[in-house]
Structure formats: C-alpha cells, structure tokens
Amino acid sequence: MPLLIVTAPVRNLIKVPAAVLRSRVAKDAEVLALRHENAVLRRPDRLGPP
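Residues numbered from 1 in each chain as written. Predicted model: local features only at pLDDT ≥ 70, side-chain atom pairs only at ≥ 80, totals over all residues. Heavy atoms only, no water.

(A) Highlighting the overall build of the chain. A count of helices and strands for the chain gives 1 helix and 0 strands. Counting every position in the chain, which comprises 50 residues, the buried fraction comes to 0%. Entry remark: accessible area of the chain is about 5100 Å², with carbon and sulfur atoms responsible for 67%. (Helix = DSSP H or I, 4+ residues; strand = E, 2+ residues; numbered from the N terminus. Buried < 20%, exposed > 50% of the residue type's maximum accessible area, 1.4 Å probe, protein only. Areas by Shrake-Rupley, 256 points an atom, 1.4 Å probe, with all protein chains shown as cover.)

Put into structure tokens, the structure is as follows:
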C-alpha cells in the first residue's frame, strides 16, 4: 500500500512532460507535412498539355 501512494504521484509527474513533448513533436510533424504539401502544390506542371 505505501508503494502505491508513492508510485501514483510519480507516474503523474512523468506523464505531464511526456504529453507536452508529444504535442510538440506532433506539431512539428504537422508543420513539416504542410510545408511539403505546399512545396508539391507550387511545383510547375511538368507534364503540361500534349
């Protein structure tokens, strides 16, 4: 029982920074994907009309 009292707060302290870090990584990945999509859409049409 005393171990549970100690481990529960420690687990919560670990979860909070992990969630913040995960959200930063997700945001960076989304920005990278949107930049790539923008670059692809701005490419000149190389095939063009026949």
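(B) Here's a closer look at a nonpolar patch on the surface. On the surface, a cluster of nonpolar side chains totalling about 380 Å² of accessible area is made up of Ile-5, Val-6, Val-10 and Ile-14. Mapped onto the fold, Ile-5 is located in helix α1 (residues 2-42). (Patch = residues over 30% accessible without salt bridge, like charges linked within 9 Å, V, L, I, M, F, W, Y side chains within 5 Å. Salt bridge = Lys/Arg side-chain N within 4 Å of Asp/Glu carboxyl O.)

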